[in-house]
Amino acid sequence: MTRLTLLSAGVAFTLAAASALAQEDNFIIVQSTTSTEASGLYEHLLPIFQEEAGIEVRVVAVGTGQAINNAENCDGDVLLVHATAQEEAFVEAGFGVSREPLMYNDFVIVGPAADPAGVAGSTDVVDALTKIAESEAIFASRGDDSGTHSKELELWEVAGIDVAAVSGSWYRETGSGMGETLNTGIGMGGYVLTDRATWINYGNKGEYTVAVEGDEAMFNPYGIILVSPEHCENVKAEAGQTFIDWMLSDAGQQAIEDYKIDGQQLFFPDADRNES
């Protein structure tokens, strides 16, 4: 074999290796709330996006607080969570480029058929929480600094109830994700605040039903943010923005709207909503 042949073979091998490496590197990491994964939304959305864009999306599904911390530590390219104030603070601090409204649904309180607190059918969440506290009916909280946990604490505060003072009695903190907390709450015969999408997709409802719903205070918006490449040099800004642009596009918003279980829509497109 001549030197030229060896050189040509070496160049071909290098190019092939570079191409393979590029393909292996053609992915982004999305730091996400657990509810979007627990609802099954990603299983519906991501194959559509990946086929169109050729970019793999790897989801890290944790509580919103942990997802934000991970993104601040540069472990991710895109942040997709549901705690607007924390998201805006993330951007304001220079960790994210901008927060874009993506979709929304709502929170509900689910409870047992026995309804020990007498809240079934309520559309007033503060009144319902007050009755739960007064009756000392079991309430299972995620207790994990997630978006759902943050909303729950906000509602308890409005109700004027210090749940930290009663933690471990009728108020039980699981420190777990939504699915695990539903399992625990149902196992104890307690009430649970959950996002509606996770509840619709939850497969172990037993005798449980939605007890409290319809209060405007239970509105649940989701935002999507590109992690700042100025803060994190490793951010795949172009690929991450491609994903965000698709999620906000007519195609992405339609895919969100199309995701249903037993005829029930789990999320509602929000890209065009005027938040004012």
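Residues numbered from 1 in each chain as written. Predicted model: local features only at pLDDT ≥ 70, side-chain atom pairs only at ≥ 80, totals over all residues. Heavy atoms only, no water.

Scanning the chain from terminus to terminus reveals 11 helices and 12 strands. Here the chain holds 276 residues, and 46% of them are scored as buried. Within the chain, counting contacts between residues at least 6 apart in sequence, those at least 24 apart form 74% of the total. When the accessible area of the chain is evaluated, it comes to approximately 12,800 Å², of which 49% is carbon and sulfur surface. (Helix = DSSP H or I, 4+ residues; strand = E, 2+ residues; numbered from the N terminus. Buried < 20%, exposed > 50% of the residue type's maximum accessible area, 1.4 Å probe, protein only. Contact = heavy atoms within 4.5 Å. Areas by Shrake-Rupley, 256 points an atom, 1.4 Å probe, with all protein chains shown as cover.)

Secondary-structure assignment places Ala-38 in helix H2 (residues 34-38). Since its relative accessible area comes to 31%, Ala-38 is described here as partly exposed. Sequence spacing of Ala-38 and Asn-201 is 163 residues, and the spatial spacing of their C-alpha atoms is 7.4 Å. The contact partners of Ala-38, leaving out residues within four places of it in the chain, are Thr-198 and Asn-201.

The next point concerns the packing of helix H3 (residues 41-53) against helix H11 (residues 250-258). Direction vectors running N to C along H3 and H11 enclose 155 degrees, while the axes themselves pass 10 Å from each other. Taken together, the axis directions place H3 and H11 in an arrangement best described as roughly antiparallel. Here H3 runs over H11; the crossing is right-handed. Side by side, H3 and H11 meet where His-44, Leu-45 and Ile-48 of the first sit next to Gly-252, Ala-255, Ile-256 and Asp-258 of the second. Grouping the amino acids of the contact of H3 with H11 by side-chain chemistry returns 4 nonpolar, 2 polar and 1 charged. (Axes fitted to C-alpha atoms, helices over the stretch in contact; angles between N-to-C directions. Parallel < 35°, antiparallel > 145°, perpendicular 65-115°, else oblique. Left-handed = near helix turned anticlockwise from the far one by under 90°. Nonpolar A, V, L, I, M, F, W, Y, C, P; charged D, E, K, R; others polar.)

Residues Thr-64, Gly-65, Ala-67, Ile-68, Asn-70 and Ala-71 constitute the buried set of helix H4 (residues 64-72). Backbone geometry just downstream of H4 places Cys-74 in the positive-phi region, at approximately 70 degrees.

On to unusual backbone geometry, then. Positioned with a positive phi, Glu-136 is a non-glycine residue whose angle comes to about 55 degrees. Relative to the elements of secondary structure, Glu-136 occurs in the loop between helix H6 (125-135) and strand S5 (139-141). A relative accessible area of 54% means that Glu-136 is categorised as exposed. The phi torsion at Asp-145 lies on the positive side, around 65 degrees, for a residue other than glycine. Note on Asp-145: relative accessible area 42%, which makes it partly exposed.

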